Amino acid sequence: MMKRTKLSRRDFLQTALGAGVAFSTPTILSAARGEKTFKIGLIGCGGRGRGAVVDALEAGKILGFNVKVVALADYFKERALRAGKQFNVPPERCFGGPTSYRALLETEAEIVLMATPPLFRPLHLEAAVQAGKHAFIEKPVAVDPPGCRRVIAAGEVAKKKGLVIIAGTEMRHDWNFILTHQALAVEKSFGQLYAGRVSFCIGHMFQTSSINPQSAEDLIRTWQNWLALSGDHLVEQHVHNIDIANWFCGRPPVSAVGFGGRARRPAGDMYDFFSVDFDYGEGVHIHSMCRQVSGCWNWVGHEFIYEKGKTNGSDYPKPQQSPLPPDLPRGPSSHVQEQIDVLYYVNQGEPLDQARAVAESTAAAIMGRISAYTGQRVFWNEIMVDPDKKPELYHLTLKPTAEDFEKGTVEIPQEHVLPIPGISVR
Ligand SMILES: NC(=O)c1ccc[n+]([C@@H]2O[C@H](COP(=O)([O-])OP(=O)(O)OC[C@H]3O[C@@H](n4cnc5c(N)ncnc54)[C@H](O)[C@@H]3O)[C@@H](O)[C@H]2O)c1
């Protein structure tokens, strides 16, 4: 039993962190304490981006590294400048505009934190990897299937270049989740996984009346309300829980059958509720539900039913063997832990790829969305593997694209116009 379940640290990275390569012994960490300065940059200086920088500064203190913010980029220069004041970055290192990320990538920043709307992640990650930067990428990482594949491909290139890519899939950095996953999904303490449910049901979010956008800037300011920028809330928010389902199942779903609609959302072009049956193959189904409607029953969480017990994903941290590196410090929150992990693994000097895992979770969420929008059963093979099965889904590219924002060719989506199941084709 012990022999079968014993995990090396390489195995840990592959299973717990979704990584693909080995790394060296932990002695480098203690040797580097206090001597090393990591230079970081941020693309997308909104709430989460600035929060991630604060977390990175705290992570540096915990690890004993110096962390210096050397450059900031935002679509709106005033937001980059405001963040510059917060993090002591001079105005000439605070870049604005749709191509501000390129200016940032030309600086000496070695780790780039990315927290723009998800539409831009594939383009920005590709550019960062090309520029030889390590990256922290907030979830989700795309809004359509080609975007997910671009992120997976960028992760592969990053691996070859020896770069670290860490994703903002919070719970994969939470030790209770990691240890529970180890006990149940790796060591199989409860036997076989039969089924589960994941949920992100909360009250109304974002705009409370029509937006009536007139410009690309209006779309950026209200991005959480637009399919093409956010991917819809099933992707933008519920991806966290779908990611846990993929992780505990050990694979992405085979297919999705989803329902959804818009009951009360007063702005933008998205649904406000979804219910999706994900078929993970081998008889395992995970029910996913998400809703942003006030005055309803709410639940954010997970439940997985095994042969000999059940878990919420974090309540059985009792593996026979901990997969966590012995010198990896435990942070006070999963957001700080994400940044501890970034610095820790960059310091190891060997590649680590979490791009694939988060791109697959994003793609699973997109598969659920397409199913709800069209009323059809949608297969993983159709959107991610075989270009010939359903080319209209495999190549589905939402508009406006990230490139449209750079070229000034943004067409404003029609507000309140929604997909109709049984009629819409994507
Ligand atoms: N893990 C979490 O807990 C968590 C929480 C909130 C948000 N998020 C994710 O973080 C990301 C950002 O969310 P947020 O809440 O910070 O949004 P936000 O609107 O507060 O910030 C986004 C920032 O990106 C800038 N931006 C937009 N397009 C850009 C571009 N092309 N180039 C440069 N800058 C650009 C915007 O001007 C804005 O300042 C999203 O992917 C979101 O899903 C994660």
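As a reminder, the structure under discussion sits directly above these lines.
The notes below deal with the structure included here. (Residues numbered from 1 in each chain as written. Predicted model: local features only at pLDDT ≥ 70, side-chain atom pairs only at ≥ 80, totals over all residues.)

On to the sheet that holds strand E5 (residues 134-137), then. In spatial order, the strands read E3-E2-E1-E4-E5-E6-E13; together these seven strands make up an open sheet with parallel pairing. If you trace the sheet from one side to the other, it starts and ends with strand E3 (94-96) and strand E13 (352-353), each paired once. Note that strand E1 (residues 37-43) and strand E2 (residues 66-74) share seven bridges and pair parallel. Within E2, the position partnered with Leu42 by the bridge is Leu72. Relative to strand E6 (residues 164-167), helix H15 (residues 355-374) is tilted by about 35°, and along the sheet it contacts E5, E6 and E13. (Pairing = 2+ DSSP bridges. Helix = DSSP H or I, 4+ residues; strand = E, 2+ residues; numbered from the N terminus. Contact = placed C-beta atoms within 7 Å. Axes fitted to C-alpha atoms, helices over the stretch in contact; angles between N-to-C directions.)

With that settled, the discussion passes to the packing of helix H4 (residues 47-63) against helix H14 (residues 334-348). The contact between H4 and H14 brings their axes to 8 Å, and the two run at 60°. When the interaxial angle is binned, H4 and H14 end up oblique. Crossing handedness for the pair H4 and H14: right-handed. From H4, Gly51, Ala52, Asp55, Ala56, Glu58, Ala59, Gly60, Ile62 and Leu63 reach across to H14, where they touch His335, Val336, Glu338, Gln339, Ile340, Leu343 and Tyr344. Residues of the contact of H4 with H14, tallied by class, amount to nine nonpolar, four polar and three charged. (Parallel < 35°, antiparallel > 145°, perpendicular 65-115°, else oblique. Left-handed = near helix turned anticlockwise from the far one by under 90°. Nonpolar A, V, L, I, M, F, W, Y, C, P; charged D, E, K, R; others polar.)

Remark: helix H7 (residues 121-130) packs on helix H8 (residues 145-161), axes separated minimally by 9 Å, with the N-to-C direction vectors making an angle of 15°. As the angle between them shows, H7 and H8 are arranged roughly parallel. Judged by the sense of rotation from one axis to the other, the crossing of H7 with H8 is left-handed. Along the contact surface, H7 presents Arg121, Pro122, Leu125, Glu126 and Val129, while H8 presents Gly147, Arg150, Val151, Ala154, Val157, Ala158 and Lys161. Looking at the contact of H7 with H8 residue by residue, the classes come out as seven nonpolar, one polar and four charged.

A word on the site of the ligand. Lining the immediate environment of the ligand, one finds 27 residues, of which Gly44, Gly46, Arg48, Tyr75 and Glu138 sit closest. When contributions to the shell around the ligand are tallied by element, the ones reaching two or more residues are H4, E2 and helix H6 (100-105). For the shell around the ligand, the leading source of residues is H4, giving three residues. Looking at the shell around the ligand, its residues break down into 13 nonpolar, seven polar and seven charged. In this structure, the shell around the ligand is formed jointly by two domains, domain 1 (2-172 + 326-354) and domain 2 (188-319 + 359-407), each of which donates at least three residues. (Near = placed C-beta within 6 Å. Domains from an automatic or database assignment.)

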